[in-house]
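If you want the building blocks of each chain, they are given just below.
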Amino acid sequence: MRYIISILIENEVGALSRVAGLFSARGYNIESLTVAPTEDASLSRMTIVTCGTESIIEQISKQLNKLVDVVKLNNLIEDAHIEREMMLIKINVAQVSKQELMHLVDIFRGRVIDVASDIYTVELTGTGDKLDAFIATLEEGAILETVRSGVMGIARGAKALSLQQ
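So, how was this worked out
- Residues numbered from 1 in each chain as written.
- Predicted model: local features only at pLDDT ≥ 70, side-chain atom pairs only at ≥ 80, totals over all residues.
- Heavy atoms only, no water.
- Helix = DSSP H or I, 4+ residues; strand = E, 2+ residues; numbered from the N terminus.
- Buried < 20%, exposed > 50% of the residue type's maximum accessible area, 1.4 Å probe, protein only.
- Contact = heavy atoms within 4.5 Å.
- Lys, Arg positive; Asp, Glu negative; His and termini not counted.
- Charge placed at Lys NZ, Arg CZ, Asp CG, Glu CD.
- Arc of directions from axis to C-beta.
- 1 Å grid on protein atoms, 1.4 Å probe; cavity = no way out; pocket = protein on both sides within 12 Å on 5 of 7 lines; lining within 4 Å.
- Points joined across faces, edges and corners; volume = space filled by probe spheres on them.
- Nonpolar A, V, L, I, M, F, W, Y, C, P; charged D, E, K, R; others polar.
- Phe/Tyr/Trp six-rings, centres within 6.5 Å; stacked < 30°, edge-to-face > 60°.

Chemist: Help me understand the overall build of the protein chain, please; the structure alone is not making it clear to me.
Modeler: What the protein chain contains, in helices and strands, is 4 helices and 9 strands. For the protein chain, the proportion of its 165 residues judged to be buried stands at 39%. Within the protein chain, contacts between residues at least 6 apart in sequence are counted, and of these 75% link residues at least 24 apart. Counting 16 positive and 22 negative side-chain charges, the protein chain places the averaged centre of each group 5 Å from the other.

Listed below in structure tokens is the structure:
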């Protein structure tokens, strides 16, 4: 099963390395990893997407909580949450109809953010499934390059990953 683990971690040199090392030392795969500072400059928020059984995720959570750098941890899958991913994709418009591409971009609520002679760069935000569906609609050979941010997630409602709760 797929899990999204959200971590508040001290914004210190080597913190990311220690978390990644914990996963690799135990043979667990990280499917997606995003890290950025929070509103508190001393903390960063790390979002990790991984797969495993419930017992494996429980063990990962316990091991993460033992790391000195980890301040707080939340498994987003346990509660209602929102997740998003961003994708930038370069498309060779010589391979597809420009009108058809613009229609697809509109359907998927994306934006064309750069136009070159025969290349459009499109920005899309949504769930991983939405981004995958957009890619699947394009003709073979039309995609020149794809860059994806990885999953970002946040709990719905009043529940928050912060030091106050």
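Chemist: Before we go on, may I ask you to explain the environment of Cys-51 in this structure?
Modeler: With respect to the secondary-structure elements, Cys-51 resides in strand S3 (residues 43-51). Sequence-wise, Cys-51 and Asn-92 are 41 residues apart; in three dimensions their C-alpha atoms are separated by 34 Å. Discounting chain neighbours no more than four positions away, the residues touching Cys-51 are Met-1, Arg-2 and Glu-31.

Chemist: In this structure, what is going on with helix H4 (residues 128-137)? I would like to understand it.
Modeler: The periodicity of an α-helix, 3.6 residues per turn, causes residues three or four places apart in sequence to face the same way. Turning to H4, its buried residues are Gly-128, Leu-131 and Phe-134. Looking straight down H4, one finds its buried side chains confined to an arc of 125°; they lie on one side. When the buried face of H4 is taken as reference, the exposed residues oriented beyond 90 degrees from it are Asp-129 and Ala-136. Elements in contact with the buried residues of H4: strand S5 (81-92), helix H3 (98-107), strand S7 (119-126) and strand S8 (143-148).

Chemist: Honestly, the layout of surface pockets in this entry has me stumped. Any pointers?
Modeler: Empty space left among the atoms is revealed by rolling a probe the size of a water molecule over them. In this model, the largest pocket occupies a volume close to 230 Å³. Elements with a contribution of two residues or more to the lining of the largest pocket: strand S2 (32-37), S3 and strand S9 (152-155). The element best represented in the lining of the largest pocket is S2, accounting for 4 residues. Looking at the lining of the largest pocket residue by residue, the classes come out as 8 nonpolar, 4 polar and 2 charged. Size it by volume and the second largest pocket reaches roughly 160 Å³.

Chemist: Help me out: how do you make sense of the packing of aromatic side chains in this one?
Modeler: Here a ring pair, both rings aromatic, is described through the centre-centre distance and the interplanar angle of the planes. In the structure shown here, the tally under the stated rule is 1 aromatic pair. Taking the centre distance of 5.3 Å and the plane angle of 80° together, the rings of Phe-108 and Phe-134 count as edge-to-face. Within this pair, whereas Phe-108 is found in the loop between H3 and strand S6 (111-115), its partner Phe-134 is found in helix H4, the two being separated by 26 residues in sequence. Taking relative accessible area as the criterion, Phe-108 reaches 13% and is therefore assigned buried.

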